[in-house]
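For reference, the chains in residue letters:
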Amino acid sequence: MAQPEQTTRDPGVDKPFLTDVLTLRARARENLNGGAVTSTYRGDVQKTIDILQSVLATEIVCVLRYSMHSVAAAGISSEGVKAEFAEHADEERAHMMAVAERITQLGGTPNFNPEGILSRSASEYGKAGNLIEMIEENLIAERIAVDHYRELIRYFGDDDPGTRIMIEGILVVEEEHADDMHDLLVAHQGKPMLEG
Ligand SMILES: [Fe+2]
Ligand SMILES: [Fe+2]
């Protein structure tokens, strides 16, 4: 009889224990209804889904705010800014869809219900009256998202690497967005790039 191929290494000191392929194959056949959620999922699935519903609402609010700003910004100097807002709206939409997909993978139903979106969201919709206020509101929203996502990355850690890596990818884009909004603010307020 052929010996099972072993991927187990000496647990030793520095290497994590690796399960042999036969155990992996057997375990994968259990609870097929779980889909991507297997017995090694170390997080609390329902809590993860609840957190992701809040992230989804945050991204939806960002799509709405940037979309509104991309059409509402007026004035001769606003064309470049409007294009930037529109680009960000597209990227926020991609985030929204990625988070919704992840909720589905974990067995949940993404909550796109407009009712309650603002209270589930970390970022705000805002009520900017001019270009500078729009840029400021977006910068604030990005900074909220950056803080929130950094915290979530630490929270998920090794318990749910799939969700963590998705949020890491989103975080990098939110940091770029914050930087873009900061640059626009500096350009439109005519302040020097570096203070002090
Ligand atoms: Fe986003
Ligand atoms: Fe963003």
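Definitions and limits used
Counting restarts for each chain: residues are numbered from 1 in the order of the written sequence. Just so you know, chain letters begin at A and ligand numbers begin at 1, following the order they were written in. Whole-chain, interface and lining totals are the exception, using all residues; otherwise, since this is a predicted model, local features are given only for residues with pLDDT of at least 70 and side-chain atom pairs are given and counted only at 80 or more. Excluded from the side-chain calculation are hydrogens and water; included are all heavy atoms of the structure. For Na, K and Ca the donor cutoff is 3.2 Å, while for all other metals N, O and S atoms count as donors only within 2.8 Å; water does not appear among the atoms, so some sites may look incomplete. For the purposes of this entry, the term helix denotes a DSSP run of H or I that reaches at least four residues, the term strand denotes a run of E that reaches at least two, and both are numbered from the N terminus. Under the scheme applied here, a residue whose accessible area is under 20% of the maximum for its type counts as buried, over 50% as exposed, and between as partly exposed, the area being computed with a 1.4 Å probe on protein chains only. The span you would expect from a helix comes to 1.5 Å times its residue count less one. Here a residue-residue contact requires only that any non-hydrogen atoms of the pair lie within 4.5 Å. Take the buried Ala, Val, Leu, Ile, Met, Phe, Trp, Tyr and Cys residues and link them wherever side-chain atoms come within 4.5 Å; each set so joined is a nonpolar core. Pairs of N or O atoms are called polar contacts if they sit within 3.5 Å, as long as, within protein, a hydrogen donor faces a hydrogen acceptor (for residues adjacent in sequence, only side-chain-to-side-chain pairs).

A. Layout of the coordination of the iron ion (ligand 1). Within the protein, the atoms that donate to the iron ion (ligand 1) are E59 (OE), E59 (OE), E92 (OE), H95 (ND1) and E174 (OE), at distances of 1.9 to 2.7 Å. Sequence spacing of the donor residues for the iron ion (ligand 1), all on one chain, is E-x32-E-x2-H-x78-E. A gap of 3.9 Å separates the iron ion (ligand 1) and the iron ion (ligand 2), which E92 links by coordinating each metal. Residue E92 and its partner H95 are located together in helix α3 (residues 79-105), separated by three residues, close to a single helical turn. With relative accessibility at 0%, the residue E92 sits in the buried group.

B. Just α3, in detail. The terminal C-alpha atoms of α3, which comprises 27 residues, lie 40 Å apart, in line with the 39 Å expected from a rise of 1.5 Å per residue. Turning to α3, its buried residues number three or more, namely V81, K82, F85, H88, A89, E92, H95, M96, V99, A100, R102 and I103. On its buried face, α3 is in contact with α2 (45-72), α5 (131-156) and α6 (161-189). With its phi angle positive at about 95°, G107 sits one or two positions after the end of α3.

C. Highlighting the nonpolar core. The biggest cluster of nonpolar side chains holds 27 residues, and the ones touching the most others in it are L52, L56, V99, Y149, L152 and I167. Elements with a minimum of two residues in this core: α2, α3, α5 and α6. A total of nine residues in this core trace back to one element, the largest contributor, which is α2. Among residues more than four places away in sequence, those in contact with I167 are L52, Y149, L152, I153 and F156. Core analysis: the second largest hydrophobic core is formed by 14 residues, L131, I135, L139 and L184 among them.

D. Summary view of the environment of E91. By the secondary structure assignment, E91 is in helix α3. If we ignore the near neighbours within four places in the chain, the residues touching E91 are V173 and H177. In terms of polar contacts, E91 uses its side chain to reach the side chain of H177, at 2.7 Å.

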